[in-house]
Amino acid sequence: MKLLTASCIMLGLLPIDQVNGKEKTKDKPNVLMICVDDLNDWIGCMGGHPLAKTPNIDKLASRGILFTNAHCQVPLCGPSRASLLSGLRPSTTGIYGQIKDGDIRSANEQTKKAVFLPEYLRNNGYHTMGIGKIFHDHAPAGVFDESGGREKGFGPLPPNGKKFHWDKKGTQTDWGAFPETDQEMPDYHSAQWTIERLKQKHTKPFFLSVGFIRPHVPWYVPQKWFDKFPIETVTTPPYKKDDRNDLPPIALQVDDLPMMPTTEWAIENHQWQNMVQAYLACVSFVDNCVGEVLNELEKSDYKNNTIVILWSDNGYRLGEKGTFAKQCLWNEATRVPLIISLP
């Protein structure tokens, strides 16, 4: 099951009548699309880690369709999102690396013709709204009727600019309890913006998308989320020191990520449990953000006429295969949550 088909599945759920040769939507449902950055299968309903605490995502899965074998097109944010939101495979577009939102259409002749998912819905009578990381940055200019933008980067960051544990160029990887409150997190503000749109009166059907950035690195969230996972209870994923010995040179070249922590480094420096704890904490935090939005939907006038879609752009390795990273073709980096819940 390819993640690319999420948009196709969603569009297939929109009832279309043919009237005088023209497409006319009938009783259009609203669409709430939730994008989560770097979320692997460490959620309760997928069983990726025994300690995962994601009650809100699990609840959504229980009342919808959970695709248990969905995989991203490319285990990297930019190309994965460009593919999903354009409906074009990377093999068609040539987009396998990070790309600015405004450059997608200029990638080749095929992307020049692309109609992005929010544009398709706007062309079919929807009011489109979005905030946070939806495409790689936020969204190409003009894609949404109403844009909340995105707070730059993956903050907040320590005020002195000094990382807690890992400070190598080429990655924002680090972990630790920071800041003090949820209100200082960009995802909190994205959730509140989305909630405000659900409280408003809409005269047209709407497409509302929110892109949360955690659990993307740095794995910073307030202490209370770390407290859910006492360090002495944290278990690490399976790891074989010689697991890559049978790989061909090209595979080793693709997975050569010297800027990222290795599993051996984490073991020698007694940080592996701390890194797993931090990732789990970030997942629980973003699950709470998802829950805030879904709770508002339940209270809103749109409860009975809104399709909810939740997906992640790629997975993440937490020590499997010798490193902490995405950008590989092993399951932990390609398998992602995909949930579609009908009203």
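The rules behind the values
Residues numbered from 1 in each chain as written. Predicted model: local features only at pLDDT ≥ 70, side-chain atom pairs only at ≥ 80, totals over all residues. Heavy atoms only, no water. Helix = DSSP H or I, 4+ residues; strand = E, 2+ residues; numbered from the N terminus. Rg over C-alpha atoms; globule rule 2.2 N^0.38 Å. Buried < 20%, exposed > 50% of the residue type's maximum accessible area, 1.4 Å probe, protein only. Contact = heavy atoms within 4.5 Å. Areas by Shrake-Rupley, 256 points an atom, 1.4 Å probe, with all protein chains shown as cover. Core = buried A, V, L, I, M, F, W, Y, C linked by side-chain atoms within 4.5 Å. Expected span 1.5 Å × (residues − 1). pLDDT = per-residue confidence, 0-100.

## Some points on the overall build of the protein chain
Link 1 in the chain: Helix and strand counts for the protein chain come out as 12 helices and 11 strands.
Link 2 in the chain: Against the compact-globule benchmark of 20 Å for 343 residues, the protein chain has a radius of gyration of 20 Å, which places it among compact chains.
Link 3 in the chain: With respect to the principal axes defined by its C-alpha atoms, the protein chain has extents near 70 × 45 × 35 Å.
Link 4 in the chain: Looking at the protein chain as a whole, 55% of its 343 residues are labelled buried.
Link 5 in the chain: By sequence separation, contacts in the protein chain at least 24 residues apart represent 74% of the contacts at least 6 residues apart.
Link 6 in the chain: When the accessible surface of the protein chain is summed, it comes to about 15000 Å², and 51% of that surface belongs to carbon and sulfur atoms.

## Let's talk about the nonpolar core
Link 1 in the chain: Leu-32, Ile-34, Phe-212, Trp-219, Val-221, Tyr-279 and Leu-310 are the most contacted members of the largest nonpolar core, which has 57 residues in total.
Link 2 in the chain: Top contributing element to this core by residue count: helix 11 (residues 272–299), with 16 residues.
Link 3 in the chain: Excluding its chain neighbours within four sequence positions, the residues that come into contact with Trp-219 are Asp-174, Trp-175, Gly-176, Phe-226, Met-275, Ala-278, Tyr-279, Cys-282, Tyr-316, Leu-318 and Phe-324.
Link 4 in the chain: If you look at the next biggest cluster of nonpolar residues, it comprises 28 residues, including Leu-121, Ile-134, Phe-135 and Val-143.

## Overview of helix 7 (residues 186–199)
Link 1 in the chain: Here helix 7 contains 14 residues, and its C-alpha end-to-end distance of 20 Å stays within 8% of the 20 Å for a straight helix at 1.5 Å per residue.
Link 2 in the chain: Regarding helix 7, the residues found buried are Pro-186, Asp-187, Ser-190, Ala-191, Trp-193, Thr-194, Ile-195, Arg-197 and Leu-198.
Link 3 in the chain: For helix 7, the secondary structure elements touched by its buried residues are strand 3 (30–36), strand 5 (127–132), strand 6 (146–149), strand 8 (206–212) and helix 11.

## Points about the confidence of the model for the protein chain
Note: predicted coordinates in regions of low pLDDT should not be interpreted at a detailed level.
Link 1 in the chain: In the predicted model, the protein chain carries a mean pLDDT of 93, and 92% of its residues have values of at least 70.
Link 2 in the chain: For the stretch residues 15–25, pLDDT sits under 50, and the model shows 17 contacts to residues farther than four places along the chain or on other chains.

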